[in-house]
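# Reading the structure
One letter stands for each residue in the lines below.
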Amino acid sequence: MKKSTFVAMILGTIGGILFALGMCMALIPEWNTLQQGIIMGVAGMIVLLAMVLVWRKMENKAPIKPSGKTIGAILIGIIGALLLGVGMCLTMVWSHMVLGIIIGIIGIVVLLCLIPFIKGLK
């Protein structure tokens, strides 16, 4: 395993755990830890952003230059993830099984559209 991959794996794991725990702390009302959860979630996002920058530097890759395609891919990813999450919430939290499944499948399809959008079709 390359050193850059190992560093990315460690930072990604730490950042993901911090972000997930922060979201749980912020969104579970019984815990009563909204502010601390937001702080921990932001710390997780900072670690994940640092992971991307460190990995790109260790792999000698050029910095990411924002372009229309990059911004479009980010927006498609965000919309797909939100649709998938809303579908899961409708199914598991609000007991709207059919609507939740339909919206979740739409979210999955939107996320799958990222592959040809980024890689292109041949």
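Here, every reference points to the structure presented above.
Now for a description of the structure that goes with this document. Fair warning: this is a prediction, and the values are worked out from it, not measured in the lab. (Residues numbered from 1 in each chain as written. Predicted model: local features only at pLDDT ≥ 70, side-chain atom pairs only at ≥ 80, totals over all residues. Heavy atoms only, no water.)

## Notes on the overall build of the chain
When helices and strands are counted, the chain shows five helices and zero strands. Listing the helices and strands of the chain from first to last along the sequence gives α-α-α-α-α. Against the 2.2 N^0.38 benchmark of 14 Å for 122 residues, the chain shows a C-alpha radius of gyration of 17 Å, more extended than a compact globule. With respect to the principal axes defined by its C-alpha atoms, the chain has extents near 50 × 45 × 30 Å. Within the span of the chain, comprising 122 residues, buried residues form 20% of the whole. Taking contacts inside the chain between residues at least 6 apart in sequence as the whole, the part at least 24 apart equals 49%. Of the roughly 9000 Å² of accessible surface on the chain, a fraction of 78% belongs to carbon and sulfur atoms. (Helix = DSSP H or I, 4+ residues; strand = E, 2+ residues; numbered from the N terminus. Rg over C-alpha atoms; globule rule 2.2 N^0.38 Å. Buried < 20%, exposed > 50% of the residue type's maximum accessible area, 1.4 Å probe, protein only. Contact = heavy atoms within 4.5 Å. Areas by Shrake-Rupley, 256 points an atom, 1.4 Å probe, with all protein chains shown as cover.)

## Quick word on a nonpolar patch on the surface
A contiguous nonpolar patch, built from Phe19, Met23, Leu27, Leu34, Ile38, Val42, Met45 and Ile46 and spanning about 730 Å² of accessible area, is present on the exposed surface. Elements with a minimum of two residues in the nonpolar patch: α1 (3–27) and α2 (34–58). Top element by residues in the nonpolar patch is α2. It accounts for five residues. Note that Ile38 resides in helix α2. (Patch = residues over 30% accessible without salt bridge, like charges linked within 9 Å, V, L, I, M, F, W, Y side chains within 5 Å. Salt bridge = Lys/Arg side-chain N within 4 Å of Asp/Glu carboxyl O.)

## Thoughts on the environment of Gly44
Positionally, Gly44 belongs in helix α2. For the pair Gly44 and Ile115, spaced 71 residues apart in sequence, the C-alpha separation works out to 26 Å. Dropping the residues within four chain positions of it, Gly44 is found in contact with Gly15, Leu18 and Phe19.

## Comments concerning the packing of α1 against α2
Remark: α1 packs on α2, axes separated minimally by 7 Å, with the N-to-C direction vectors making an angle of 165°. Overall, the two elements α1 and α2 adopt an arrangement that is roughly antiparallel. Here α1 runs over α2; the crossing is left-handed. Residues belonging to the contact of α1 with α2 are distributed by class as follows: 20 nonpolar, ten polar and one charged. (Axes fitted to C-alpha atoms, helices over the stretch in contact; angles between N-to-C directions. Parallel < 35°, antiparallel > 145°, perpendicular 65-115°, else oblique. Left-handed = near helix turned anticlockwise from the far one by under 90°. Nonpolar A, V, L, I, M, F, W, Y, C, P; charged D, E, K, R; others polar.)

## Section: unusual backbone geometry
At Asn32, a position not held by glycine, the phi torsion is positive, near 55°. Along the chain, the position of Asn32 falls in the loop between α1 and α2. You can call Asn32 exposed: its relative accessible area is 67%. Phi at Asn60 takes a positive value of approximately 55°, unusual for a residue other than glycine. Locating Asn60 in the fold gives a position in the loop between α2 and α3 (68–92). By relative accessible area, which is 71% here, Asn60 ends up exposed.

## A closer look at α2
Along its 25 residues, α2 runs 36 Å from first to last C-alpha, staying within 8% of the 36 Å computed at 1.5 Å per residue. Within α2 the residues assigned to the buried category are Gly37, Gly41, Gly44, Val47 and Met51. At the exit of α2 stands Asn60, carrying a positive phi of roughly 55°. (Expected span 1.5 Å × (residues − 1).)

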